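# Chain and residue survey
So you can see what is in the structure, the chains are spelled out below.
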Amino acid sequence: MPHSADLNQPPTQSGRGLVRLRVNLAYEGTNFNGWAIQPGQRTVQNEVQNALGVALHLGEPVVLTVAGRTDSGVHARQQVAHCDIPAETNPD
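The residue numbering used here restarts from 1 in each chain and proceeds along that chain's sequence as written. The model is predicted, so local features are restricted to residues of pLDDT at least 70 and side-chain atom pairs to those at 80 or more, both for listing and for counting; the totals for chains, interfaces and linings are taken over all residues. In computing side-chain values, all of the structure's heavy atoms are included and hydrogens and water are not.

### Description of unusual backbone geometry
For His-57, which is not glycine, the phi dihedral falls at a positive 55°. Helix and strand labels come from DSSP, where a helix needs a run of H or I of at least four residues and a strand needs a run of E of at least two; each type is numbered from the N terminus. In this fold, His-57 is placed in the loop between α1 (44–55) and β2 (65–67).

### A look at the confidence of the model for the chain
Detailed conclusions should not be drawn from predicted coordinates in areas where pLDDT is low. A score between 0 and 100, pLDDT records how confident the predictor is in each residue. On average, residues of the chain score 83 in pLDDT, and 79% of them reach the 70 mark or higher. Mean pLDDT in the chain bottoms out at β2, which sits at 89, and peaks at α1, which reaches 95. For the stretch residues 1–7, pLDDT sits under 50, and the model shows two contacts to residues farther than four places along the chain or on other chains. The criterion used for residue contact is that any of the two residues' heavy atoms lie within 4.5 Å.

### Details of α1
In this analysis, the expected span of each helix is defined as 1.5 Å times one less than the number of residues it contains. The end-to-end C-alpha distance of α1, which contains 12 residues, comes to 16 Å, matching closely the 16 Å that a straight helix rising 1.5 Å per residue would cover. Burial classification: accessible surface area is computed with a 1.4 Å probe over protein chains only, and a residue below 20% of its type maximum counts as buried, one above 50% as exposed, and the rest as partly exposed. Of the residues making up α1, those classed as buried are Val-44, Gln-45, Val-48, Gln-49, Leu-52 and Gly-53. End-on, the buried residues of α1 take up no more than an arc of 155°, which puts them together on one face. Check the buried side of α1 and you find it contacts β1 (18–27). After α1 finishes, the residue His-57 shows a positive phi value of roughly 55°. Taken from the helix axis, the directions to the C-beta atoms give the arc we talk about.

### Section: the environment of Asn-24
Following the sequence through the fold, Asn-24 ends up in strand β1. Between the alpha carbons of Asn-24 and Val-80 there is a distance of 4.8 Å; along the sequence they are 56 residues apart. For Asn-24, the residues in contact, after removing those within four places along its chain, are Gln-79 and Val-80. Polar contact is the term for a pair of N or O atoms within 3.5 Å; when the atoms are in protein, one must be able to donate a hydrogen and the other to accept it, and sequence-neighboring residues count only if both atoms are side-chain atoms. Here Arg-22 takes part through its side chain, which lies 2.9 Å from a polar atom of the side chain of Asn-24.

### Notes on the sheet that holds β1
Paired strands are those between which DSSP finds at least two bridges. Strand order in the open sheet formed by three strands is β1-β3-β2, and the pairing between neighbours is antiparallel. Every interior strand has two partners, whereas the edge strands, β1 and β2, have only one. Direction aside, neighbouring strands of the sheet carry axes that sit 25° apart on average. Bridge count for β1 against strand β3 (residues 76–86) is nine bridges, and the pairing is antiparallel. Helix axes are fitted to C-alpha atoms over the stretch in contact, other axes to C-alpha atoms as well, and angles between N-to-C directions run from 0 to 180 degrees.

Quick look at the structure:
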């Protein structure tokens, strides 16, 4: 098991460094089927991951880890998530 200090470090991928981004979210969930990705459903996680992938010019969605989740139609304030992206990422 890793030491607790190791848990705060972003993982590395094939020797390349990654940067951990904290994402603070607020959303109105009326038109969503909750947070978590569900096949064939519009979810907050899927929309945010796709949008971050586009905004950061990654060519694919990011993978978010979230602190909590919501049910269908539920709104959120101050929800926190994180993702690890390549250190060389340079958003405009």
